[in-house]
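Tertiary structure, described
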Amino acid sequence: MATRTISARTLATLLGPEVLAGHPAYQSLADAVRRLLGDGRVMLGTRLPSERELTEALGVSRTTVGSAYAVLREDGYLVTRRGAGSTASLPGGAPRRTAFGPPRPEAEDALDLTSAALPAAPGCTEAVERAVRALPRHLAGTGYHPLGLPDLRAAVAGWYAVRGLPTTADQVVVTCGAHAALSTILRGRLDHGDRVLLESPTYPGALAAVRRSGLRAVGVPMAPGGWDVDGIAATVRQSGPALAYLVPDFHNPTGLLMDDATRAALAAVFARTRTAVVVDETFAELSLTDTAMPLPFAAHAPGALTVG
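Sequence order as written defines residue numbering, which begins from 1 separately in each chain. Note on the predicted model: pLDDT of at least 70 is required for a residue's local features to be given, and 80 or more for side-chain atom pairs to be given and counted; whole-chain, interface and lining totals, by contrast, use all residues. The side-chain values count all of the structure's non-hydrogen atoms but skip hydrogen atoms and water molecules.

1. Remarks on the overall build of the protein chain
Defined as follows: Every helix listed is a DSSP run of H or I at least four residues long, and every strand listed is a run of E at least two residues long, numbered separately from the N terminus. Values of the radius of gyration come from C-alpha atoms, whereas the globule rule sets the reference at 2.2 Å times the count of residues to the power 0.38. A simple rule labels every residue: compare its accessible area, found with a 1.4 Å probe on the protein chains alone, to the largest value its type can have, and call it buried under 20%, exposed over 50%, or partly exposed in between. All accessibility values rest on the Shrake-Rupley procedure with a 1.4 Å probe; residue burial counts only the protein chains present in the view. Positive charges come from Lys and Arg, negative ones from Asp and Glu, while His and the chain ends are left out of the count. Taken as the charge centre is NZ of Lys, CZ of Arg, CG of Asp or CD of Glu, depending on the residue.
Along the protein chain, the regular secondary structure elements total 10 helices and 8 strands. Its C-alpha atoms give the protein chain a radius of gyration of 26 Å, clearly above 19 Å, the size a compact globule of 308 residues would have. Taking all 308 residues of the protein chain together, 35% fall into the buried category. Carbon and sulfur atoms provide 56% of the accessible area of the protein chain, an area that totals close to 17900 Å². In the protein chain, 29 positive and 28 negative side-chain charges are present, and the distance between their average locations comes to 5 Å.

And the structure:
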């Protein structure tokens, strides 16, 4: 099997012009290489350029590169063997595993189709490092936060405020995901046999959550252009649902985006009929254009429960 390699020029480009901005320079270089490994931009098992080649590519002293490589070896991010060069690794030497079996060698041009998961995006390593540095101040207490870490709740509240929905941390509950949040709402607020209004088609997981909670789903067809306010109002009057579940932001599966006028009109319908509303904003940040987004649905319906 061919050994994956990376040239000194390519590695220097990935490291960027600010690679030696820190002090001391060798530690800055070692940290930058480690981030490339953590983000997946340099894959495990890749043979790195020799100290001499990287020295020339970066225009630094041999001592700087040699000291950086020594730090990486000591920390377990580099394995050097005589005659084989220096190979990227991880501390502990944990082999790469597939989703359905033990580790296996990877050909240079092979695609692993056993898992539809991408490597960590650039920037994830830096984010983890910042989180680790902030961790000690959270260890003084019990660590028991049933509603979520206070700092995280405050950050989520700030995100909603920026989007035009004034929110405080005490209005935020952190769950294991949007589906868990929806299931918690359904089981905590509704009784067995209650009706739940959903768009048709809608997110299949929402239908499953409704059925598992012993509730009855009431579908309202999506119009070709989006949401039929009159049709939804008529369905609410006829079926009397206890709760409505909507996906107004890049609706799943149609991708439609509800405008502000429709949000306001539907909010008025639910307010008149005293129908609780759950708004799924899981896809709210998926816009592919610079067009201004509508206000969050809860800006028109203050009592709405927002899942994201």
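2. Considering the layout of surface pockets
Rolled over the atoms, a probe sized like a water molecule indicates the empty space that remains. Put simply, the rule reads: In this analysis, the protein atoms alone were mapped onto a 1 Å grid. Cavities are point sets where a 1.4 Å probe fits without being able to get out; pockets are open sets with protein on both sides within 12 Å along at least five of seven lines; lining residues have an atom within 4 Å of a point. Grid points are joined across faces, edges and corners, and a volume is the space filled by probe spheres set on the points. Residues are sorted three ways: Asp, Glu, Lys and Arg are charged, Ala, Val, Leu, Ile, Met, Phe, Trp, Tyr, Cys and Pro are nonpolar, and all the rest, Gly among them, are polar.
Size it by volume and the second largest pocket reaches roughly 850 Å³. As for the second largest pocket, its lining consists of 25 residues, of which Tyr160, Gln171, Val172, Val173 and Thr306 are closest to the centre. When contributions to the lining of the second largest pocket are tallied by element, the ones reaching two or more residues are helix H6 (150-162), helix H7 (178-189) and strand E8 (305-307). Taken together, the residues of the lining of the second largest pocket sort by class into 17 nonpolar, 8 polar and no charged.

3. Digging into unusual backbone geometry
A cis amide bond links Ser200 with the next residue in sequence, Pro201, at an omega value of 10 degrees. Inspection of the secondary structure puts Pro201 in the loop between strand E4 (195-200) and helix H8 (204-212). Of note, the bond from Asn252 into Pro253 is cis; its omega dihedral lies within 30 degrees of zero at 20 degrees. For Pro253, the location among the structural elements is in the loop between strand E6 (243-246) and helix H10 (260-273). Positioned with a positive phi, Phe250 is a non-glycine residue whose angle comes to about 55 degrees. Residues other than glycine seldom take positive phi values, yet Arg274 does so here, at roughly 55 degrees. In this structure, Arg274 sits in the loop between H10 and strand E7 (276-280).

4. Considerations on the environment of Arg35
We apply this condition: In this analysis, two residues are considered to be in contact whenever any of their non-hydrogen atoms come within 4.5 Å of each other.
Mapped onto the elements of the fold, Arg35 is located in helix H2 (residues 25-39). Judged by its relative accessible area of 23%, Arg35 is partly exposed. Between the C-alpha atom of Arg35 and that of Glu129, which follows or precedes it by 94 residues, the distance is 9.7 Å. Excluding its chain neighbours within four sequence positions, the residues that come into contact with Arg35 are Arg41, Thr125, Glu126 and Glu129.

5. A word on the sheet that holds E6
To keep it simple, the criterion reads: Paired strands, as defined in this entry, are two strands with at least two bridges between them according to DSSP. Helix axes are fitted to C-alpha atoms over the stretch in contact, other axes to C-alpha atoms as well, and angles between N-to-C directions run from 0 to 180 degrees.
The strand order E5-E4-E6-E7-E8 describes an open sheet built from 5 strands, whose pairing is parallel. Edge positions in the sheet fall to strand E5 (216-221) and E8, since each of these pairs with one other strand and no more. Recorded for the sheet is a direction-independent mean angle of 25 degrees between the axes of neighbouring strands. This element, helix H9 (residues 229-239), spans E4 and E5 of the sheet and lies at about 155 degrees to E5.

6. Remarks on the pattern of salt bridges
Put simply, the rule reads: Definition used for salt bridges: Asp or Glu carboxyl oxygen within 4 Å of a side-chain nitrogen of Lys or Arg.
Counted under the stated rule, the structure contains 9 salt bridges. For Asp249, the salt bridge goes to Arg263, with nearest N and O atoms at 2.9 Å. In this pair, Asp249 sits in the loop between E6 and H10 while Arg263 sits in helix H10, placing the two residues 14 residues apart along the sequence. Overlapping salt bridges, with partners in common, bring together Asp31, Arg34, Arg35, Glu126 and Glu129 in one network.

7. Some points on the pairing of strand E2 (residues 78-81)
Note: E2 against strand E3 (residues 85-88), 4 bridges, orientation antiparallel. Across the sheet, the residue bridging to Thr80 is Ser86, located in E3. What sits between E2 and E3 in their antiparallel hairpin is a turn of 3 residues, with Gly83 showing a positive phi close to 85 degrees.

8. Quick word on H9
Convention followed: Along the arc lie the directions from the helix axis toward the C-beta atoms. Pairing of N or O atoms within 3.5 Å defines a polar contact, subject to two protein rules: one partner must be a possible hydrogen donor and the other a possible acceptor, and residues neighboring in sequence count only if both atoms are side-chain atoms.
When H9 is considered as a whole, its buried residues turn out to be Ile232, Ala233, Thr235, Val236 and Ser239. Seen from one end, H9 has its buried residues packed into an arc of 165 degrees, which puts them on one side. Summarising the geometry of H9, the exposed residues directed more than 90 degrees from the buried face are Asp230, Arg237 and Gln238. Elements in contact with the buried residues of H9: E4, E5 and H10. A distance of 3.3 Å separates the backbone nitrogen of Asp230 from a side-chain oxygen at the start of H9, and that oxygen is part of Asp228.

So yeah, pure geometry; function would need other evidence.
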